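# Residue-level structure breakdown
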Amino acid sequence: MSIISLHAVLWPAASSPRRISEDGQPIRDAGPDTLYDRDLHPAPVPFILIDALMWFIGLWAASALRLEALALSFDLSLDGAGTPLLGLLVLTAIAVAVYTLLGRAVRLHQGRHLVGSFDEMAPLAGVVLATAFVVTATNAVWPEQMLPMTAPVIAAPMVILAAATVRYLVRLLAARTLRVLREAQAEPSRALIVGAGDIGRALADSMLRDPSSAWKPVGFLDDDLRKRHLRHAGVSVAGTTDQLRPAIERTGADVLGIATTHISADTMGTLTAVAKELELPSKIVPPLNEMIDGVHHTDLREIQPAGLLGRRPVDTDLSTINELLRGKTVLVTDAGGPIGSVNRPRFDAAAV
C-alpha cells in the first residue's frame with residue numbers, strides 16, 4: 001500500500017496546520033508530505049468498499065468449504081455444480097447493505113475509533129456477527145436456498161479477521177511512513193523513557209505518531225521485572241533504573257524522559273545525577289491532573305527541585321516570622337539539619 005493509497009483511506013485531519021516554523025509561521029508540505037495532514041480516522045467510502053469485498057470473498061470461501069469446490073455456477077440457487085454466482089451476489093449485497101447501516105449506527109466508518117485500534121475491534125466484530133445473523137435468516141426464508149445454510153456463519157470470522165488485518169496494515173504503514181518522512185527531514189533526539197507503564201507507552205506513541213515531535217523513543221527503563229521482555233511499538237525495555245549507564249550506551253540515547261508516577265525521590269535524584277554526569281538532558285511528564293488531553297511529548301518539562309525532594313517546597317514568610325520572634329530567645333532543635341543550618345545564622349539559639 002503506497003502513500004497515495006493511504007491518502008485514499010485516511011480522513012483528512014483538522015484544517016489547522018500541525019507544523020510551525022521557527023518564525024511562528026505555519027508550514028504546509030506539498031506532494032507526498034501532505035500525509036502529515038492525515039489522521040488515523042477512516043475515510044468511509046474506501047473502507048465500506050474494502051469491507052464489501054471482504055464479504056464477497058468470505059461468503060464465497062465459506063460456501064466453497066461447505067461444497068468442497070471453488071467452482072461458480074451462473075445460477076441463483078444451489079444446484080450442486082458449485083457456488084451460485086447470482087445467489088452469492090444477492091447475499092453479498094444484502095450483507096453489505098445491513099453491514100453499512102449497522103456500521104453507521106455505531107459510527108464504525110465515521111471515525112469513532114482510530115483505524116486498527118483495539119477499541120475498533122469490538123464494534124467491528126459486533127456488526128459482522130449481526131450481519132451474519134441477518135444474512136443467514138434471509139438465506140433460510142428465501143424460496144430457493146442460495147448458499148449453504150452455515151456459509152454466513154462460517155464467513156463471519158473470516159470477514160472479521162480480514163477486515164481487522166486490513167485496518168492493522170493501514171495503521172502500521174501510516175505510522176512507518178510518517179516516521180520515515182520525519183526522519184528524512186531532521187534527525188530526532190533519541191529518548192530513553194523511564195517507565196514502561198501506561199504513561200510511558202503513551203509518551204512513546206506520541207513521539208512516534210506526531211510529525212512535529214523532535215524525539216524518537218529508543219528504549220524503556222522499568223524496575224518491574226515482569227516487563228523485562230516487553231516490546232511496545234518496536235521499542236523494548238533496556239533494563240531497570242539501576243542500569244541507566246549501560247542502557248544509554250546500548251541505545252545511544254541523548255535525552256532522558258521520566259514518565260511514571262511511581263518513582264521515589266531517591267531514584268529520581270540518582271537518575272538525574274547520572275544523566276547530568278553524562279551531560280544528558282532530563283525531562284519529566286507533568287502530574288496526572290495536568291494531563292487533561294492525555295500524555296503528549298510536548299508536555300515534557302524540566303525537573304523541578306520539588307520533584308527531587310519528594311515533597312512540595314515550603315514557602316516561608318521570613319518577615320512575619322522575624323516580627324514574631326524579635327527580642328525573644330529561641331530554641332532550635334536539629335540544628336545540624338537543613339532547617340537548623342539555614343536558620344542558625346539568623347537567630348541566636350540558647351538552651352532553655
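To start, this report covers the structure provided alongside it.

Criteria and thresholds
- Residues numbered from 1 in each chain as written.
- Predicted model: local features only at pLDDT ≥ 70, side-chain atom pairs only at ≥ 80, totals over all residues.
- Heavy atoms only, no water.
- Helix = DSSP H or I, 4+ residues; strand = E, 2+ residues; numbered from the N terminus.
- Buried < 20%, exposed > 50% of the residue type's maximum accessible area, 1.4 Å probe, protein only.
- Contact = heavy atoms within 4.5 Å.
- Areas by Shrake-Rupley, 256 points an atom, 1.4 Å probe, with all protein chains shown as cover.
- Salt bridge = Lys/Arg side-chain N within 4 Å of Asp/Glu carboxyl O.
- Pairing = 2+ DSSP bridges.
- Axes fitted to C-alpha atoms, helices over the stretch in contact; angles between N-to-C directions.
- Phe/Tyr/Trp six-rings, centres within 6.5 Å; stacked < 30°, edge-to-face > 60°.

### A word on the overall build of the protein chain
A count of helical and extended segments in the protein chain gives eleven helices and 13 strands. Expressed as a percentage of the 352 residues in the protein chain, the buried residues total 39%. Long-range contacts, defined as pairs at least 24 residues apart, comprise 67% of the intrachain contacts of the protein chain with a sequence gap of at least 6. For the protein chain, the exposed area adds up to about 19,900 Å²; of that, 60% sits on carbon and sulfur atoms.

### Structural notes on the pattern of salt bridges
Across all of its chains, the model carries seven salt bridges by this definition. In this structure, Arg 201 and Asp 198 form a salt bridge, with 2.6 Å as the shortest nitrogen-oxygen distance. Here Arg 201 pairs with Asp 198, and both are found in helix α6 (residues 198-209), just three residues apart, close to one helical turn. Among the residues examined, Asp 198 registers a relative accessible area of 60% and is labelled exposed. Glu 277 serves as the salt-bridge partner of Arg 245, at 2.7 Å between the closest nitrogen and oxygen. Of this pair, Arg 245 sits in helix α7 (residues 244-251) while Glu 277 sits in helix α8 (residues 265-277); the two residues are 32 residues apart in sequence, bridging distant segments of the chain. When its relative accessible area of 54% is taken as the criterion, Glu 277 is described as exposed. It is possible to trace a salt-bridge network through shared partners that takes in Asp 51, Glu 120 and Arg 167.

### Focus on the environment of Ala 97
With respect to the element layout, Ala 97 can be found in helix α3 (residues 85-105). Sequence spacing of Ala 97 and Thr 131 is 34 residues, and the spatial spacing of their C-alpha atoms is 9.1 Å.

### Brief notes about unusual backbone geometry
Where the residue is not glycine, phi is negative for most of them; where a peptide bond is considered, it is trans in most cases. With phi around 55°, Ala 233 is a residue other than glycine that occupies positive phi space. Along the chain, Ala 233 turns up in the loop between β9 (231-232) and β10 (235-239). On the accessibility criterion, Ala 233 (38% relative accessible area) is partly exposed. Of note, Glu 279 is a non-glycine position whose phi angle comes to about 60°, a positive value. Tracing the backbone shows Glu 279 in the loop between α8 and β12 (282-284). Of the residues examined, Glu 279 reaches a relative accessible area of 74% and is grouped as exposed.

### Brief notes about the environment of Val 235
Relative to the helices and strands, Val 235 resides in strand β10. When the C-alpha atoms of Val 235 and Ala 196 are compared, they prove to be 9.9 Å apart, with 39 residues separating the residues in sequence. Contacts of Val 235, omitting those with residues within four sequence positions, involve Pro 217, Val 218, Gly 219, Phe 220 and Leu 230.

### Some words on the sheet that holds strand β13 (residues 301-302)
Read from one edge to the other, the open sheet built from seven strands follows the order β9-β10-β8-β7-β11-β12-β13, with strand pairing classed as mixed. Of all strands in the sheet, those bounded by a partner on one side alone are β9 and β13. Those strands touched by α7 are β7 (189-194), β8 (215-221), β10 and β11 (255-258), and its axis lies near 150° from that of β7.

### Description of the packing of aromatic side chains
Inspection of every chain in the model, using the stated rule, returns two aromatic pairs. Judged by centre distance (6.3 Å) and plane angle (70°), the rings of Trp 55 and Tyr 99 are edge-to-face. Placement of the pair is Trp 55 in helix α2 (residues 44-67) and Tyr 99 in helix α3, with a sequence separation of 44 residues.

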